[in-house]
Amino acid sequence: MKSQKGSLKSTITVSLTNYLDAGSIVAGASGLTLWQNYLGLTESNLGWLNAISANCFGAALGAIIGGRLADKYGRKTIYTYNMLLYMLGVGIIMFSSNFPMLLAGFLVTGISVGVGVPPSWTYISETSEANNRGRNIGISQLAWSVGPAIIFLLGWLFAPTGPLGGEVRSLGALILQTSEATALDLFGNRLIFFTLFVVAFIAWLLQRRLDESAEWINLKTQRTVAKQENPYKELFANIINVKAIIFLVGIYLTWNFVAGAMGFFMPHVYETAGGLSNETANFLHMAMWGLTALFSYLGFSLLADKVNQRLLYAFGTLLGVVAWIVLTFVGITNSTALWAFVILWGVHAGFGVQAFYALWASELFHARYRAAAQGIMFFIVRGGAAIWSFVFTGVYATAGFYTAGQMMVGLMVVALIVGMIWTPDTRGKSLKQISAERYGNK
């Protein structure tokens, strides 16, 4: 019982990283149209912001760095001090006054998010009991969902026409010493990034007190006795690892094309294709992420260690397919369809591809290169999402939402089929047992 309480406590502390990761993506999304108005940005500029952000290439670059460093220097060491880089990135965004500065802030923040993902997910998995690993990963995904829910709540409150919009504009006029409408409209979004800065500082203080992963410490001791091969060479030399990478990238890349575009562009789509206000767009996303947070716990954390994971994955992902069918073919301007989409996707995201990927990616590889493997996969997925962001904005700008929506439905169907066919049998097994079954006892 003491061990279980300890793993839960460390999971909650490390999960602040997930809160900040997802929060940084949606903080930019919630004010995207406001930044566009303030700086006179084009759709191409918006594509660049997404491409180098925590949503895409910035995170891709950071992940391949963070994964390797976490295997070499320790999980806790990397994700803890990475918080300092995160604070630098959101600080730049807070004070941005032109597009290059904003771009730089998104890039630094994105790299930090990528650096933090492999070590934090690996740490949670390695410090969890065999019968609680799904629960703890689910809690980390809960934090991933709570972040956007809170950020979009603040976006709704601080929006120019939101409940606190007038007060925020007055505060902005006092601090910025300007009466320019677009600058005052944007001030609330700057405050949102400030909240991320504060939470990152708190996370840095708390995470410094955690112990390093015992499995990594044991691995480090073994390395002093026997020289280790190049981890990437060892990773790709084994066909078992290659198959696992293909499987995990297959589900996560296709899903991320959909979710990544949603995380960054969906409020903008609501406002332009759906004709909604910034306040309403943020409210819809707040409701969606609130449902995601709820079902990250009810649908994944409570069930992943107890029920058939193939069936749970299939049901959760099917909801995502249906959500996009409704929004695309019934129509984004139909309020009933819009709310059906919000509810279906919100529930889906709680125990769909994201949660299962985080669990399986930390289970299917040996500790010697567990974080590095996650870094490589995250690099492929977020790098692909960076390219996709230009495809999506191009399709949306030229062919419209209906065509873009059809593409989203197709991508979700691929994620559903691949995940159902190759669901791994890892539930209830220790990481040591899983590695022995996959690689033998050598």
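Just above, that's the structure.
Definitions and cut-offs
- Residues numbered from 1 in each chain as written.
- Predicted model: local features only at pLDDT ≥ 70, side-chain atom pairs only at ≥ 80, totals over all residues.
- Heavy atoms only, no water.
- Helix = DSSP H or I, 4+ residues; strand = E, 2+ residues; numbered from the N terminus.
- Rg over C-alpha atoms; globule rule 2.2 N^0.38 Å.
- Buried < 20%, exposed > 50% of the residue type's maximum accessible area, 1.4 Å probe, protein only.
- Contact = heavy atoms within 4.5 Å.
- Areas by Shrake-Rupley, 256 points an atom, 1.4 Å probe, with all protein chains shown as cover.
- Lys, Arg positive; Asp, Glu negative; His and termini not counted.
- Charge placed at Lys NZ, Arg CZ, Asp CG, Glu CD.
- Polar contact = N/O pair within 3.5 Å; in protein donor to acceptor, adjacent residues only side chain to side chain.
- Axes fitted to C-alpha atoms, helices over the stretch in contact; angles between N-to-C directions.
- Parallel < 35°, antiparallel > 145°, perpendicular 65-115°, else oblique.
- Nonpolar A, V, L, I, M, F, W, Y, C, P; charged D, E, K, R; others polar.
- Salt bridge = Lys/Arg side-chain N within 4 Å of Asp/Glu carboxyl O.
- Left-handed = near helix turned anticlockwise from the far one by under 90°.
- Core = buried A, V, L, I, M, F, W, Y, C linked by side-chain atoms within 4.5 Å.
- Phe/Tyr/Trp six-rings, centres within 6.5 Å; stacked < 30°, edge-to-face > 60°.

**Student:** Account for the overall build of the protein chain, with residues named and values stated.
**Tutor:** Along the backbone of the protein chain there are 20 helices and 0 strands. Taken over C-alpha atoms, the radius of gyration comes to 21 Å for the protein chain, in line with the 22 Å a tight globule of 442 residues would show. Overall, the C-alpha framework of the protein chain stretches about 70 × 45 × 40 Å when taken along its three principal axes. Going through the 442 residues of the protein chain one by one, you find that 60% of them count as buried. Pairs at least 24 residues apart make up 84% of the contacts formed inside the protein chain by residues separated by at least 6 positions. Accessible surface for the protein chain amounts to roughly 16600 Å². Of this, 68% is attributable to carbon and sulfur atoms. Computed over 28 positive and 19 negative side-chain charges, the separation of the two mean positions in the protein chain equals 11 Å.

**Student:** Which residues make up the environment of Ile111, and what values do they have?
**Tutor:** Relative to the helices and strands, Ile111 resides in helix α7 (residues 99-126). Judged by its relative accessible area of 19%, Ile111 falls in the buried class. With 47 residues separating them along the chain, Ile111 and Ile64 place their C-alpha atoms 9.8 Å apart. When neighbours within four sequence positions are excluded, Ile111 is seen to be in contact with Gly58, Ala59, Leu61, Gly62 and Leu85.

**Student:** Residues and numbers for the side chain of Glu212, please.
**Tutor:** You can see Glu212 is positioned in the loop between α10 (181-207) and α11 (214-223). Of the polar contacts made by the side chain of Glu212, one reaches the backbone nitrogen of Arg75; its length is 3.2 Å. Residues in contact with Glu212, not counting those within four places in the same chain, are Tyr73, Gly74, Arg75, Lys76, Thr77, Tyr123 and Ile217.

**Student:** Run through the packing of helix α9 (residues 165-176) against α10, naming residues and quoting values.
**Tutor:** For the pair α9 and α10, interaxial distance at closest approach is 8 Å and the crossing angle is 100 degrees. On the basis of their axis angle, the class for α9 and α10 is roughly perpendicular. Residues Val168, Arg169, Leu171, Gly172, Ala173, Ile175 and Leu176 of α9 touch α10, and the partners they reach there are Ala181, Ala183, Leu184, Asp185, Phe187, Gly188 and Leu191. Residues of the contact of α9 with α10, tallied by class, amount to 10 nonpolar, 2 polar and 2 charged.

**Student:** Tell me what's going on with the pattern of salt bridges, and back it up with residues and numbers.
**Tutor:** Opposite charge on two side chains makes pairing possible when the charged atoms of those side chains draw close. Counted by the stated rule, this structure contains 9 salt bridges. One salt bridge in this structure joins Arg370 and Glu126, with 2.8 Å as the shortest N-O distance. A residue pair is termed long-range when its members are at least 10 positions apart, and Arg370 in helix α18 (residues 370-398) and Glu126 in helix α7 qualify at 244 residues. Classification of Glu126 by relative accessible area gives buried; the value is 11%. Here Lys429 and Asp425 are joined by a salt bridge, their closest N and O atoms 3.4 Å apart. Here the residues in one salt-bridge network are Asp71, Arg75, Glu126, Glu215 and Arg370, joined through shared partners.

**Student:** Give a detailed account of the packing of α7 against α18, specifying residues and quantitative values.
**Tutor:** Relative to each other, α7 and α18 sit at 140 degrees, their axes nearing to 9 Å. Classified by the angle between their axes, α7 and α18 sit oblique to one another. Crossing angle aside, the handedness with which α7 passes α18 is right-handed. Together, Gly114, Val117, Pro118, Trp121, Thr122 and Glu126 of α7 and Arg370, Ala371, Gln374, Gly375 and Phe378 of α18 make up the contact between the two elements. A per-class count over the contact of α7 with α18 returns 5 nonpolar, 4 polar and 2 charged.

**Student:** Could you give an account of the nonpolar core, naming the residues involved and the relevant values?
**Tutor:** In terms of nonpolar packing, the biggest core is built from 124 residues, with Leu248, Tyr270, Trp324, Phe341, Trp345 and Phe365 touching the most fellow members. Top contributing element to this core by residue count: helix α13 (residues 239-272), with 17 residues. Discounting residues that sit within four places of it in the chain, Tyr270 has contacts with Gly275, Leu276, Ala281, Leu284, His285, Met288, Ile332, Leu338, Phe341 and Val342. Counting residues in hydrophobic clusters, the runner-up holds 5 residues, among them Ala70, Ile78, Ile111 and Val115.

**Student:** Outline unusual backbone geometry, listing residues and values.
**Tutor:** Positive phi, close to 55 degrees, is recorded for Gln177, a residue that is not glycine. Turning to its location among the elements, Gln177 is positioned in the loop between α9 and α10.

**Student:** Let's hear about the environment of Leu364: which residues, and what values?
**Tutor:** Inspection of the secondary structure puts Leu364 in the loop between α17 (353-361) and α18. Excluding residues that lie within four positions of it along the chain, Leu364 makes contacts with Asn241, Ala244, Leu248, Pro424, Thr426, Arg438 and Tyr439.

**Student:** I'd like a description of the packing of aromatic side chains, backed by residues and values.
**Tutor:** Each pair of aromatic rings is reported with the distance of its centres and the angle of its planes. Applying the stated criterion to the full structure yields 23 aromatic pairs. For the ring pair Tyr252 and Phe378, a centre distance of 6.3 Å and an interplane angle of 35 degrees mean the geometry is tilted. Of this pair, Tyr252 sits in helix α13 while Phe378 sits in helix α18, placing them 126 residues apart in sequence. Each of the two residues, Tyr252 as well as Phe378, counts as buried.

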